[in-house]
Amino acid sequence: MTYLSSLPQIQALIVEDMAVQQTTLRGQLALLGITRVDATANADDAYRLVKSRRYGLIICDFNLNQRTDGQQFFELIREQGLLPADCLFFMVTAESSYISVASATEHHPDAYLLKPITASDIEDRLKSLLEKRHALLPVNSLLAKGDLAGAVTQCDQLLQVRNRWFMPVLQIKGQTLLKLGRHEEAKQVYQQALEVRPELIWARLGLARAHKAAGQFAQARQLAQDIVDSDEGARNVAAYDVIAESMEAAGDAEGAMWALRDAALVVPSAKRHRISGECAYRNGDLDMAKASLMKATKASRGSVVDNPQDTLLLAQTLVDLGQPAEAMNLIKDGNKSYRTHPTFSQVSLAIKAQAELAAGEADKAQATLELARAGLSKGKADFATVALAKAEIVCGHEEAGMALLKDAISADHENLRIKQMITRTLSDTGHEDKLDAVIESATAGLQGKVSDARKLLRDSRIDEAVGLIEAAAHEYPENTGVLLQACQINCMALRLKKEANAERIEKIQVYLGELERLMPGQDRVVMMRRYFRETLGTLDAHSLQH
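Calculation criteria
- Residues numbered from 1 in each chain as written.
- Predicted model: local features only at pLDDT ≥ 70, side-chain atom pairs only at ≥ 80, totals over all residues.
- Heavy atoms only, no water.
- Helix = DSSP H or I, 4+ residues; strand = E, 2+ residues; numbered from the N terminus.
- Rg over C-alpha atoms; globule rule 2.2 N^0.38 Å.
- Buried < 20%, exposed > 50% of the residue type's maximum accessible area, 1.4 Å probe, protein only.
- Contact = heavy atoms within 4.5 Å.
- Lys, Arg positive; Asp, Glu negative; His and termini not counted.
- Charge placed at Lys NZ, Arg CZ, Asp CG, Glu CD.
- Phe/Tyr/Trp six-rings, centres within 6.5 Å; stacked < 30°, edge-to-face > 60°.
- Core = buried A, V, L, I, M, F, W, Y, C linked by side-chain atoms within 4.5 Å.
- Pairing = 2+ DSSP bridges.
- Right-handed = clockwise from strand over helix to strand, strands pointing away.
- Salt bridge = Lys/Arg side-chain N within 4 Å of Asp/Glu carboxyl O.
- Axes fitted to C-alpha atoms, helices over the stretch in contact; angles between N-to-C directions.
- Parallel < 35°, antiparallel > 145°, perpendicular 65-115°, else oblique.
- Left-handed = near helix turned anticlockwise from the far one by under 90°.
- Nonpolar A, V, L, I, M, F, W, Y, C, P; charged D, E, K, R; others polar.

What to know about the overall build of the protein
Thinking step 1. A count of helices and strands for the protein gives 27 helices and five strands.
Thinking step 2. Against the 2.2 N^0.38 benchmark of 24 Å for 546 residues, the protein shows a C-alpha radius of gyration of 26 Å, consistent with a compact globule.
Thinking step 3. Considered along the principal axes of its C-alpha atoms, the protein spans approximately 70 × 70 × 45 Å.
Thinking step 4. Taking all 546 residues of the protein together, the buried fraction comes to 49%.
Thinking step 5. A separation of at least 24 residues holds for 61% of the contacts in the protein among residues at least 6 apart in sequence.
Thinking step 6. Distance between charge centres in the protein, computed from 64 positive and 72 negative side chains, equals 4 Å.

A word on the packing of aromatic side chains
Thinking step 1. Here the structure, examined in full by the defined rule, presents four aromatic pairs.
Thinking step 2. Ring plane angle 45° and centroid distance 6.2 Å describe the contact between Phe73 and Phe89, whose orientation is recorded as tilted. Here Phe89 lies in strand E4 (residues 88-93) and Phe73 lies in helix H4 (residues 70-79), a separation of 16 residues in the sequence. For the pair formed by Phe73 and Phe89, the shared burial category is buried.
Thinking step 3. Between the aromatic rings of Tyr190 and Trp202, the centroid separation amounts to 6.2 Å while the plane-to-plane angle is 70°, which identifies the pairing as edge-to-face.

Points about the side chain of Thr385
Thinking step 1. If you trace the backbone, Thr385 turns up in helix H20 (residues 383-394).
Thinking step 2. Among the residues examined, Thr385 registers a relative accessible area of 1% and is labelled buried.

What about the nonpolar core?
Thinking step 1. If you look at the biggest cluster of nonpolar residues, it comprises 69 residues, and the most contacted ones within it are Ile351, Phe383, Leu405, Ile422 and Val438.
Thinking step 2. Counting residues per element, this core draws most heavily on helix H12 (residues 237-249), at eight residues.
Thinking step 3. Residues contacting Ile351, with those up to four places away along its chain left out, are Leu312, Ala315, Gln316, Val319, Ile331, Phe383 and Ala387.

A closer look at the pairing of strand E1 (residues 11-15)
Thinking step 1. Most of E1 sits inside the fold, with five of its five residues counted as buried.
Thinking step 2. On E1, burial covers both faces: Gln11, Leu13 and Val15 on one face and Ala12 and Ile14 on the other are all buried.
Thinking step 3. Sheet topology note: the E1/strand E2 (residues 36-40) ladder contains five bridges and is parallel. Paired with Gln11 across the two strands is Arg36, which belongs to E2.
Thinking step 4. Following the chain from E1 across helix H2 (residues 19-31) to the adjacent parallel E2, one finds a crossover that is right-handed.

Some words on the pairing of strand E3 (residues 57-61)
Thinking step 1. Extensive coverage of E3 is indicated by the burial of five of its five residues.
Thinking step 2. The two faces of E3 match: Leu57, Ile59 and Asp61 on one face and Ile58 and Cys60 on the other face are all buried.
Thinking step 3. Direction of pairing for E1 relative to E3: parallel, over a ladder of four bridges. Opposite Ile14, over in E3, you have Ile59 as the bridge partner.
Thinking step 4. In terms of strand pairing, E3 meets E4 through five bridges, oriented parallel. The partner of Leu57 across the bridge, within E4, is Leu88.

Here we look at the pattern of salt bridges
Thinking step 1. On inspection of all chains with the given rule, the structure shows 37 salt bridges.
Thinking step 2. The closest approach of N and O atoms between Arg48 and Asp45, which form a salt bridge, is 2.3 Å. Taken together, the residues span about one helical turn, with Arg48 and Asp45 both in helix H3 (residues 43-52) at a distance of three residues.
Thinking step 3. Where Arg424 meets Asp428, a salt bridge forms, and the shortest distance between an N and an O atom there is 3.5 Å. Of this pair, Arg424 and Asp428 both sit in helix H22 (residues 416-428), four residues apart, roughly one helical turn.
Thinking step 4. When its relative accessible area of 23% is taken as the criterion, Arg424 is described as partly exposed.
Thinking step 5. Accessibility expressed as a relative area gives 39% for Asp428, which makes it partly exposed.
Thinking step 6. Salt bridges sharing partners connect three or more residues here, namely Asp320, Lys390, Arg424 and Asp428.

Points about the sheet that holds E3
Thinking step 1. Spatially, five strands are ordered E2-E1-E3-E4-E5 in an open sheet, and the strand pairing comes out parallel. Where the open sheet ends on each side, the last strands, each with one partner, are E2 and strand E5 (111-114). The sheet shows a mean angle of 20° between the axes of neighbouring strands, direction not considered.
Thinking step 2. Along the sheet, H2 makes contact with E1, E2 and E3, crossing E2 at roughly 165°.
Thinking step 3. Lying over the sheet, H3 contacts E1, E2 and E3, oriented at roughly 165° with respect to E1.

As for the packing of H3 against H4
Thinking step 1. Contact geometry of H3 with H4 gives a least axis separation of 10 Å together with a crossing angle of 25°. Classified by the angle between their axes, H3 and H4 sit roughly parallel to one another. Both H3 and H4 take part in a crossing whose hand is right-handed. For the pair formed by H3 and H4, the contact residues are Ala43, Ala46, Tyr47 and Val50 on the first element and Phe73, Leu76 and Ile77 on the second.
Thinking step 2. In the contact of H3 with H4, the residues fall into seven nonpolar, no polar and no charged.

Digging into unusual backbone geometry
Thinking step 1. In this chain, Lys115 is followed by Pro116 through a cis amide linkage whose omega measures -5°.
Thinking step 2. Considering the arrangement of structural elements, one finds Pro116 in the loop between E5 and helix H6 (119-144).
Thinking step 3. The phi angle at Arg162 is positive, at roughly 55°, despite the residue not being glycine.
Thinking step 4. Mapping Arg162 onto the fold places it in the loop between helix H7 (148-159) and helix H8 (166-179).
Thinking step 5. Overall, the relative accessible area of 54% leaves Arg162 in the exposed class.
Thinking step 6. Of note, the phi angle at Lys498 is positive, near 55°, even though the residue is not glycine.
Thinking step 7. Secondary-structure assignment places Lys498 in the loop between helix H25 (480-497) and helix H26 (502-518).

And the structure:
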């Protein structure tokens, strides 16, 4: 299909708050043969349209004169997987300065259009981008189907041609290898790109990510630091993320906090302030947490990227800072804004009880605490459980609070961030001496179950080993450490029995799906998926031999 013949097939969406500009853009698209066009004036309606229809082109104004701007809308649909790989996103702006600011964000539109726009401006960008999309279609089609290994093979075929799409294909290959957990091969791809263009940011960043995936945190951090120290990469927030993740993995939580703070200064979005605020709270820097979370709530309140967790954590921070009146006012406003949210009211009760006690209203605090208890069926590894545990402890119910903290650890005993929050809670309530009893006792019990299962496997008691680890996974369905072990032990059972047990394979897929939900994009999950694929490959090879 030629470029011109493909244009009438495109379904387009215009997101523009000014009716005159909507009409102008419709006319310009019509001149190009694009007549299947929807238009809306705000991001909320656009969000609903994108969820219900498939578009090949979205033209969105940056300044929508609404609570949600074009960049927030773009990042939301990209992060939620609502923007297909074959959909082009053009951002329209009257400010040339926006383009330099947006270039630092995690997600970049396919093109920027600077007002005033002509049909020729749109056509020029469409032509080059549609040509690129057509050239990369064989790879992207496989990626859309989830065939990552096939996509890598297709990349290799395209790379043999060595045409103008060589570098974009190389970039896709590196990204796909990282998703497959083949980080050593990914390193080679990125080094190949750097041999051609030594200062290429995406290749330098990919190389840093490959080192991080391999557990080489010091090297990953240095490579990412070199990027942010350069003129070309000084505003690259993805590099700051690699620095923070590498430092956190190496045990330097405070260093990670400052790296995330720097990222929020580079791109002062609600998301960036949220990440910075959450990290600061876990590290006990309440002043930084308050400042960051206030910026996050201000930037997102009432928009499609509004997150009630920002208000809840800010309220808890205010209580911890000794500002109960401010916390209660914030919760009162939040209950109006989030009255339909399924958990906001319940979690806010636990924080409100703490605030009432701090304000000298002990009877009210006890009554509020009773209401908070009623909404929690079982402790989980989340902020809600820790907040209720803190309320129990400060209100004099130490045993109940400690039990909840143990539940939180048991629910996900390898979650370092939950451990940080629990450590802070015990410190804030004067119970540092109970840290070992709360964390180590719960952790030891779960680690004991995992060790027992692995010992049974070594003794060739395969079905007993699988049964024990699956019982643990059933008891703690969101414990990432247990789920990872359940995947691994089931894979080992498949290898030892040398048979493709369909029920066992399905269980592994369920566990991996849950891990993706709980730990999206985490290196450990990527490596477990690789181990699962290798296991299936081993079984296929065995069946061919027999």
